[in-house]
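Examining the three-dimensional arrangement
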Amino acid sequence: ETGVTQSPTHLIKTRGQQVTLRCSSQSGHNTVSWYQQALGQGPQFIFQYYREEENGRGNFPPRFSGLQFPNYSSELNVNALELDDSALYLCASSSSPGAYEQYFGPGTRLTVT
Amino acid sequence: KQEVTQIPAALSVPEGENLVLNCSFTDSAIYNLQWFRQDPGKGLTSLLLIQSSQREQTSGRLNASLDKSSGRSTLYIAASQPGDSATYLCAVSWGDYKLSFGAGTTVTVRA
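The subject of this paragraph is the overall build of chain B. Across its full length, chain B holds zero helices and 11 strands. Listed by position from the N terminus, the elements making up chain B come as β-β-β-β-β-β-β-β-β-β-β. At 13 Å, chain B has a C-alpha radius of gyration in line with the 13 Å of a compact globule built from 111 residues. Dimensions along the principal axes, computed over C-alpha positions, put chain B at roughly 40 × 25 × 20 Å. Per-residue burial for chain B yields a buried fraction of 44% across its 111 residues. Within chain B, counting contacts between residues at least 6 apart in sequence, those at least 24 apart form 54% of the total. Here chain B has roughly 5,200 Å² of accessible surface; of this, 48% comes from carbon and sulfur atoms. Across chain B, the centroid of the 9 positively charged side chains sits 2 Å from that of the 9 negatively charged ones.

Here the focus is the interface of chain B and chain A. Put simply, an interface is often sized by how much accessible area is lost when its parts join up. With 18 residues of chain B at the contact, the number on the chain A side is 23 residues. Buried area between chain B and chain A, summed over both chains or domains, comes out near 1,500 Å², and the portion from carbon and sulfur atoms is 55%. Where chain B packs against chain A, one counts zero salt bridges. Taken together, chain B and chain A are joined by three residue pairs in polar contact (both at pLDDT 80 or more). For the side of chain B that touches chain A, the leading source of residues is strand β4 (residues 32-38) of chain B, giving four residues.

Next up on the list: the state of the cysteines. Here, disulfide denotes a covalent bond that connects the sulfur atoms of two cysteines. Per the stated rule, a full pass over the model turns up two disulfides over all chains. The partner cysteine of Cys23 of chain A in its disulfide is Cys91 of chain A, sulfur to sulfur 1.9 Å. Between Cys23 of chain A and Cys91 of chain A, the disulfide has an S-S torsion of 70 degrees and is therefore right-handed. With Cys23 of chain A in strand β3 (residues 19-24) and Cys91 of chain A in strand β9 (residues 87-94), this residue pair connects regions lying 68 residues apart in the sequence. Shown here is the disulfide that connects Cys23 of chain B with Cys90 of chain B, its sulfur atoms set 2.0 Å apart.

So, about the side chain of Asn63 of chain B. Residues and elements named next belong to chain B. Within the fold, Asn63 resides in strand β7 (residues 62-67). Note on Asn63: relative accessible area 17%, which makes it buried. Within the structure, Asn63 has its side chain in polar contact with the side chain of Glu56 (distance 3.1 Å). A polar atom in the side chain of Asn63 sits 2.8 Å from the side chain of Thr58. What Asn63 contacts, discounting residues up to four positions off in sequence, is Leu48, Glu56, Gln57, Thr58, Thr74, Leu75 and Tyr76.

Residue and element names in this part refer to chain B. The sheet contact formed by strand β6 (residues 56-59) and β7 spans four bridges and is antiparallel. Each residue of the ladder has a partner; that of Gln57, found in β7, is Ala64. Between β6 and the antiparallel strand that follows it, β7, lie two residues; Gly60 among them carries a positive phi value of about 60 degrees.

Attention shifts here to the sheet that holds strand β1 (residues 5-7) of chain A. Residues and elements named next belong to chain A. Strand order across the open sheet formed by four strands is β1-β3-β8-β7, with antiparallel pairing between neighbours. Lying at the two open borders of the sheet, with one neighbouring strand each, are β1 and β7 (64-68). If you compare each strand with its neighbour and ignore which way they point, the axes differ by 20 degrees on average. Bridging between β1 and β3 involves three bridges; their strand directions are antiparallel. When the sheet's bridge partners are listed, Thr5 is paired in β3 with Ser24.

Our focus in this paragraph is the side chain of Ser80 of chain B. All names here are of chain B. Note on placement: Ser80 falls in the loop between β8 (72-77) and β9 (86-93). On the accessibility criterion, Ser80 (1% relative accessible area) is buried. Within the structure, Ser80 has its side chain in polar contact with the backbone oxygen of Glu17 (distance 2.7 Å). In contact with Ser80, other than residues within four places in its own chain, are Val13, Pro14, Glu15, Gly16, Glu17, Leu19, Arg61 and Val109.

Quick notes on the rules
Along each chain, residue indices are assigned from 1 in the same order as the chain's sequence is written. Chains and ligands are labelled by the order in which they are written, letters from A for the one and numbers from 1 for the other. Totals for whole chains, interfaces and linings use every residue, but because this is a predicted model, local features are given only for residues with pLDDT of at least 70 and side-chain atom pairs only at 80 or more, for both listing and counting. Heavy atoms throughout the structure, all of them, feed into the side-chain values; hydrogens and water do not. Helix numbers and strand numbers start at the N terminus; a helix is a DSSP run of H or I with at least 4 residues, a strand a run of E with at least 2. Only C-alpha atoms enter the radius of gyration, while the globule expectation follows 2.2 Å times N to the 0.38, with N the number of residues. With a 1.4 Å probe rolled over the protein chains alone, any residue whose accessible area is under 20% of its type maximum counts as buried; one over 50% counts as exposed, and the rest are partly exposed. Note on contacts: a residue pair qualifies if any of its non-hydrogen atoms lie within 4.5 Å across the two residues. Note on areas: these come from Shrake-Rupley sampling with a 1.4 Å probe, and a residue is covered only by the protein chains present in the view. In this count, Lys and Arg are taken as positive residues and Asp and Glu as negative ones, while His and the chain termini are left out. By convention, charge coordinates are those of NZ in Lys, CZ in Arg, CG in Asp, or CD in Glu. By buried area we mean the combined loss of accessible area, with a 1.4 Å probe, across both parts when two parts are placed together. By convention in these notes, a salt bridge is any Lys or Arg side-chain nitrogen within 4 Å of a carboxyl oxygen on Asp or Glu. Polar contacts, as counted here, are pairs of nitrogen or oxygen atoms within 3.5 Å of one another; within protein the pair requires one atom able to donate a hydrogen and one able to accept it, and residues that are adjacent in sequence qualify only if both atoms are side-chain atoms. In this description, a disulfide is simply a cysteine sulfur pair whose atoms lie within 2.5 Å. Note: two strands are recorded as paired if DSSP finds a minimum of 2 bridges between them. Between N-to-C directions, angles span 0 to 180 degrees; the directions come from axes that are lines fitted to C-alpha atoms, helices contributing only their stretch in contact.

Below you can see the structure in the form of structure tokens.
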């Protein structure tokens, strides 16, 4: 059974640029959630995708957007990067939107300069 | 507002001592509560999940209790080891699609 994978591991971008982060869900899971974890803080929910549709969204601006593909992998896109977007971005997969357990990937460390 | 709080933010103990980590939450109508471990710069590893109908869960040296009426959960780690050094995060589901996390307690176990 393959776990949740994310790419890239690290990324450095300049303020104003755009970035795409990728997540492959665990085998058999159709739901992917994205979280942002700033240094010293707990993860904050960005949004969830289920069956290629956004299923719920946290308190993040529209410049944070996502996609889910037929194989249930997902992308997180962030436009017009700001310094405060520097964080660890985590994705989590689950067997359904209401599943008890979410399985987290190793994260992508984004640094905005 | 539904919030999760973890105090203290950091804890340092000698090897062999039992660890007690606290988590408090507003709104007792939780769906479930999970404890995660996070090593520096890494993803999250689920340790224990407690359903709202349960009072505690145990796995090896780990025991987590849940008291919904007081809005509290406690994670006990028996006979701590240097390998237990990490940040421990508490996360609550209030029945919707997301987890709400505390800021975590960073534990250092001194050899």
